[in-house]
Each structure stands twice: as C-alpha cells, then as structure tokens.
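A look at the structure
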Amino acid sequence: MKACAVAWLTTLLCGAAGAASFFEVAPGAGAFSDSHGAGSVRVALSTELPWRHAFAGGSELVLLAEGSVGRVWQDSDQAWFATLSPLLQWRFPGASATPFVEAGVGGALFSRDHLGPVGLGQHFQFVDRLGVGVDFDDWRLSLRYLHYSQADMSEPNDGLDLIELGLARRFF
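Cut-offs and rules
- Residues numbered from 1 in each chain as written.
- Predicted model: local features only at pLDDT ≥ 70, side-chain atom pairs only at ≥ 80, totals over all residues.
- Heavy atoms only, no water.
- UniProt positions renumbered as here; feature names shortened; annotations may be inferred.
- Helix = DSSP H or I, 4+ residues; strand = E, 2+ residues; numbered from the N terminus.
- Pairing = 2+ DSSP bridges.
- Axes fitted to C-alpha atoms, helices over the stretch in contact; angles between N-to-C directions.
- Salt bridge = Lys/Arg side-chain N within 4 Å of Asp/Glu carboxyl O.
- Buried < 20%, exposed > 50% of the residue type's maximum accessible area, 1.4 Å probe, protein only.
- Phe/Tyr/Trp six-rings, centres within 6.5 Å; stacked < 30°, edge-to-face > 60°.
- Lys NZ or Arg CZ within 6 Å of the ring centre and 35° of its normal.
- Polar contact = N/O pair within 3.5 Å; in protein donor to acceptor, adjacent residues only side chain to side chain.

The name recorded for the protein in an unreviewed UniProt entry is Acyloxyacyl hydrolase, from Crenobacter caeni. Recorded in UniProt under Subcellular location (unreviewed entry), the annotation for the protein is "Cell outer membrane".

Structure representation (structure tokens):
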C-alpha cells in the first residue's frame, strides 16, 4: 500500500513533461490550539500542472501539485506525516525575480493521533496554507502559514498552526 502511494505520488509530481518542478526543505515552528509549542521540518516535491491563466499586465495564476513528508515534534514526542495538496500560485514576473502568493487545501496523514498531551483525534488531517515567496532563476524562497486540523470529524481536535520558511531548488 505504501509503495503504491509513493509510486503514484512520484508519477504525479514528475510526470508533467516540461513543467517546472521544485524540491524544497522547510523548517517550521508553531503551536497546537491548546498553546503547546511545536516544531517541524518538511521536505516537498512540487510540479506545475497543465493549467494556467494569464492576466493583463503580465501576472498569471498557476495550478501546482505538491507532495511532502515531514516530522512534527512537541517536547520529546514526535510524529511523521505525509501530505498531498493542490496549490494556486499567483505570480508577478519581474526582470530578475518572480514574487508570488499561494493558497491551497489538501490532505495529510499523520503516523499518530496524539502527540504528548495533544490529541489530533485521528490520523487524517486537512492542511490549509497561505504563503508568499519569490523565485530567483532556479531557486525559490517562501514563507508560509499552515494549519492542520480534521474539521471536528472526531474528538479531540487540537489543530496545529505552523509558520515555515522554505528553500527550494528547481530540478526540471
């Protein structure tokens, strides 16, 4: 099952011929809704999908797919997670850099349904994100807010809020 999911994700992320794809490392810090502090690190692969909309003035809206794996910790306890998310990036191309804003909602699967005193309620979580960033040739720098929660599908539902700083490198 896990090997099948990894193969499907790799195909999705690398299958768009000619599309820009990035490998990213993103450390983060934040807190659960009950104020327990948390840290995280995430590695991600993202690729442009074959949909975009150009606006007058040169900006464009681009659809991407992103898959990631990561680790979140609270005190001495930790959990691993994997995510899959569609993203919309609104890009503003410039002479030497391309700033962007992005938003997305996807799914996450955590290895545990609790982390120390914090209860996630279940392994499946939604992940909402808002971010800003800039592309410099083959590099991308981004700052993101991520919220993990399972929308009160089970109790408890101690959501996790993180701020991430990401550094990515284009590989296609």
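This brings us to the overall build of the protein. Assigned secondary structure in the protein consists of one helix and 10 strands. Along the protein, helices and strands appear, N-terminal first, in the series α-β-β-β-β-β-β-β-β-β-β.

Taken in spatial order, the eight strands close into a barrel running β1-β2-β3-β4-β5-β8-β9-β10, and their pairing is antiparallel. Averaged over neighbouring strand pairs, the angle between their axes works out to 25° when direction is ignored. Sheet topology places strand β1 (residues 21-32) next to strand β10 (residues 160-170); nine bridges connect them, and they run antiparallel. Its bridge partner being in β10, glycine 30 is matched across the sheet by leucine 162.

This part is about the pattern of salt bridges. Inspection of every chain in the model, using the stated rule, returns 14 salt bridges. Where arginine 52 meets glutamate 60, a salt bridge forms, and the shortest distance between an N and an O atom there is 2.9 Å. Residue class for arginine 52 comes out partly exposed when judged on its relative accessible area of 40%. Two residues, aspartate 77 and arginine 112, come together in a salt bridge whose shortest N-O distance is 2.4 Å. Of this pair, aspartate 77 sits in strand β4 (residues 77-91) while arginine 112 sits in the loop between β5 (98-110) and β6 (114-115), placing them 35 residues apart in sequence. Here the residues in one salt-bridge network are Glu24, Arg42, Glu66, Glu102, Arg129, Arg144 and Glu164, joined through shared partners.

Pairing of strand β9 (residues 139-149) with β10 involves 10 bridges; the strand directions are antiparallel. Across the sheet, tryptophan 139 pairs through a bridge with arginine 169, a residue of β10.

Our next topic: the packing of aromatic side chains. Counting across every chain of the model gives six aromatic pairs. An angle of 50° between the planes, with centres 5.8 Å apart, marks the rings of phenylalanine 55 and tryptophan 90 as tilted. Residue phenylalanine 55 is found in the loop between β2 (37-54) and β3 (60-74), and its partner tryptophan 90 is found in strand β4; the two are separated by 35 residues along the sequence. Taken together through their ring pairs, the aromatic side chains of Phe55, Trp90 and Phe92 make up a single cluster. The aromatic ring of phenylalanine 22 is capped on one face by arginine 140, whose charged end is 3.9 Å from the ring centroid.

Turning next to the side chain of glutamine 150. Relative to the assigned elements, glutamine 150 resides in the loop between β9 and β10. One polar contact links the side chain of glutamine 150 to the main-chain carbonyl oxygen of proline 156, over a distance of 3.0 Å.

Another aspect to go through is unusual backbone geometry. Omega for the bond connecting glutamate 155 with proline 156 falls within 30 degrees of zero, at -10°, which places this linkage in the cis form. In this fold, proline 156 is placed in the loop between β9 and β10. Even without being glycine, alanine 151 reaches a positive phi, approximately 55°. Relative to the assigned elements, alanine 151 resides in the loop between β9 and β10. Located in the positive-phi region is aspartate 152, a residue other than glycine, with phi close to 55°. Tracing the backbone through its elements, the reader meets aspartate 152 in the loop between β9 and β10. On the basis of relative accessibility, which here comes to 54%, the residue aspartate 152 falls in the exposed class.

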